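# Architecture and fold: a report
Take a look at the letters that make up each chain.
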Amino acid sequence: MAEMTTLRGNVAAPPAPPAAVAQPGPVEFEAFFAEHHVRLFRALWLLARDRAEAEEIMQDAFVRLWERWPRVSAHPDPVGYLYRTAMNVFRSRRRRAAVAVRRAVRPSLPPDPLEGVEERDVAVRALAVLTPRERAAVVLVDVLGMNGAEAAEALGVRPSTVRVLAGRGRDRLRKELGGDD
């Protein structure tokens, strides 16, 4: 940088930088926070009726203000801006919670009565192709959940007979219904 000389040849001080516009900084934000956080928290606690939620909303509102602090501090009503931001955060959280609840608790449609009739009809028709003993063994073991000994006692036969009858019945049902179930 070239030295500046005056008419007499003396060295002059370099020109002063242009006057900087006072930028609001962290100190101003900290003072703003200290002055308004308790009152905002109380208002949010009354609104949310939950201490933790009120604290989170308050923190979110102050974080949003901090991100825009130079603009907010120049706003004609920064306190109003703070409360408006907090209300927007509160409403946004409520909307998100309502959407989450709606997604989690989707109303289920009532079962179609005709579908149940059709399923029973298919089962009755499939069981009709079995012999009465096979049908009894399949119903006792597979539908009612009895073990082989209980089914054998109900039918008056040996447990091995129940296993044979139920196995044959299942095979015939598989062929009748055309599946591997």
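Before going into details, it helps to say that this report is about the structure given with it. (Residues numbered from 1 in each chain as written. Predicted model: local features only at pLDDT ≥ 70, side-chain atom pairs only at ≥ 80, totals over all residues. Heavy atoms only, no water.)

### Some words on the nonpolar core
Core analysis: the largest hydrophobic core is formed by 18 residues, its most contacted members being Phe32, Leu40, Leu44, Met58, Phe62, Leu65 and Leu82. In this structure Leu65 touches Phe29, Phe32, Val72, Tyr81, Leu82 and Thr85, once residues within four positions along its chain are discounted. Core analysis: the next-biggest nonpolar cluster, separate from the first, contains five residues, Leu140, Val141, Ala151 and Val162 among them. (Core = buried A, V, L, I, M, F, W, Y, C linked by side-chain atoms within 4.5 Å. Buried < 20%, exposed > 50% of the residue type's maximum accessible area, 1.4 Å probe, protein only. Contact = heavy atoms within 4.5 Å.)

### Some details on the environment of Asp171
Within the secondary structure, Asp171 sits in helix H8 (residues 159–177). Looking at Asp171, the relative accessible area reads 39%, which means it is partly exposed. Reaching out from Asp171, the side chain makes a polar contact with the side chain of Arg174 at a distance of 2.8 Å. (Helix = DSSP H or I, 4+ residues; strand = E, 2+ residues; numbered from the N terminus. Polar contact = N/O pair within 3.5 Å; in protein donor to acceptor, adjacent residues only side chain to side chain.)

### A closer look at a positive patch on the surface
Together, Arg64, Arg84, Arg91, Arg95 and Arg96 make up a region of like positive charge exposed at the surface. Counting residues per element, the positive patch draws most heavily on helix H4 (residues 78–104), which supplies four residues. Looking at the element boundaries, Arg95 is found in helix H4. (Patch = residues over 30% accessible without salt bridge, like charges linked within 9 Å, V, L, I, M, F, W, Y side chains within 5 Å. Areas by Shrake-Rupley, 256 points an atom, 1.4 Å probe, with all protein chains shown as cover. Salt bridge = Lys/Arg side-chain N within 4 Å of Asp/Glu carboxyl O. Lys, Arg positive; Asp, Glu negative; His and termini not counted. Charge placed at Lys NZ, Arg CZ, Asp CG, Glu CD.)

### A closer look at the packing of aromatic side chains
Evaluation of the coordinates by the stated rule reveals six aromatic pairs. Note on Phe29 and Trp69: the rings are 5.1 Å apart at their centroids and 80° apart in plane angle, and the pair reads as edge-to-face. On the criterion of sequence distance, the pair formed by Phe29 in helix H1 (residues 26–48) and Trp69 in helix H3 (residues 69–73) is long-range, its members being 40 residues apart. For the residue pair Phe29 and Trp69, the accessibility class agrees, reading buried in each case. In this structure an aromatic cluster arises from ring pairing among Phe29, Phe32, Phe33, Phe62, Trp66 and Trp69. (Phe/Tyr/Trp six-rings, centres within 6.5 Å; stacked < 30°, edge-to-face > 60°.)

### Side note on the pattern of salt bridges
Applying the stated rule across the entire model yields eight salt bridges. In this structure, Arg68 and Glu67 form a salt bridge, with 3.7 Å as the shortest nitrogen-oxygen distance. A relative accessible area of 56% means that Glu67 is categorised as exposed. Residue Asp171 is joined to Arg174 by a salt bridge in which the shortest nitrogen-to-oxygen separation is 2.8 Å. Of this pair, Asp171 and Arg174 both sit in helix H8, three residues apart, roughly one helical turn.

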